[in-house]
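# Chains, contacts and geometry: an overview
Spelled out from the first residue to the last, the chains are:
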Amino acid sequence: GDSVTQMEGPVTLSEEAFLTINCTYTATGYPSLFWYVQYPGEGLQLLLKATKADDKGSNKGFEATYRKETTSFHLEKGSVQVSDSAVYFCALSDRSGNTGKLIFGQGTTLQVKP
Amino acid sequence: NAGVTQTPKFQVLKTGQSMTLQCAQDMNHNSMYWYRQDPGMGLRLIYYSASEGTTDKGEVPNGYNVSRLNKREFSLRLESAAPSQTSVYFCASSLHRVGEKLFFGSGTQLSVL
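Definitions and limits used
- Residues numbered from 1 in each chain as written.
- Chains lettered and ligands numbered in written order.
- Predicted model: local features only at pLDDT ≥ 70, side-chain atom pairs only at ≥ 80, totals over all residues.
- Heavy atoms only, no water.
- Disulfide = S-S within 2.5 Å.
- Helix = DSSP H or I, 4+ residues; strand = E, 2+ residues; numbered from the N terminus.
- Buried < 20%, exposed > 50% of the residue type's maximum accessible area, 1.4 Å probe, protein only.
- Pairing = 2+ DSSP bridges.
- Axes fitted to C-alpha atoms, helices over the stretch in contact; angles between N-to-C directions.

### What about the state of the cysteines?
All names here are of chain A. In this structure the tally under the stated criterion is two disulfides over all chains. Here Cys 23 engages in a disulfide with Cys 90; their sulfurs sit 2.0 Å apart. Because the torsion about its S-S bond is -70°, the bridge between Cys 23 and Cys 90 counts as left-handed. Residue Cys 23 is found in strand 4 (residues 23-26), and its partner Cys 90 is found in strand 10 (residues 86-94); the two are separated by 67 residues along the sequence. Across the pair, Cys 90 and Cys 23 agree in class, each one buried.

This is the structure we're talking about:
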């Protein structure tokens, strides 16, 4: 079945460092891809998405490009801030049976130190 | 805007007890979902309701039941709680059936002793 694999965490960075969180997927067909973020004590929020190959999703300085050839959707940010500390989830939409369910990766914890 | 509201926020149960987690959304969304979040395993879908009047099993439905009471409300019931059901539970909703942006509640932290 469809699945999402994220890099193991936690990722610890200093403020203003460059961030990459790797995400690869296995899917039949052409899913949409998402990054969600979970701040401490809160539910998940959509950070960005891409719906087809070569699309780039972007929001709040974060970017991710839908790479069909490598089945990847890596999250990047050029300069992280302490306020970016959170858990980041990569996800894909399960279009089998037209149910619209999201399949999530295991999450990657990011800790940014001042 | 309230969005997705879950109750309760915290709950402690003894093995064998039952309880219902409540979820309501005020965005007129068609689809609603229940996920559980466990360390190192991300979010796993328990049940979902693609539209009012329908419910379907997700990845980990055993030990749970759901009710889509109306378009706004989607409850999750544990009939006989087990320690393996200790988790954080999230309700979510989306406007359309085909996966788009999910809106999440703030979660229910459940401990089963």
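### Let's talk about the sheet that holds strand 1 (residues 4-7) of chain B
Either a parallel or an antiparallel arrangement is found when strands of a sheet pair, and the pairing is made through backbone hydrogen bonds. Residues and elements named next belong to chain B. Ordered in space as 1-3-8-7, the four strands form an open sheet in which the pairing is antiparallel. The open sheet is flanked by strand 1 and strand 7 (64-68), the only strands paired with a single partner. Strand-to-strand twist across the sheet, computed as the mean angle between neighbouring axes with direction ignored, equals 15°. Here strand 1 pairs with strand 3 (residues 19-25) via four bridges, running antiparallel. When the bridges of strand 3 are listed, Gln 6 appears paired with Cys 23.

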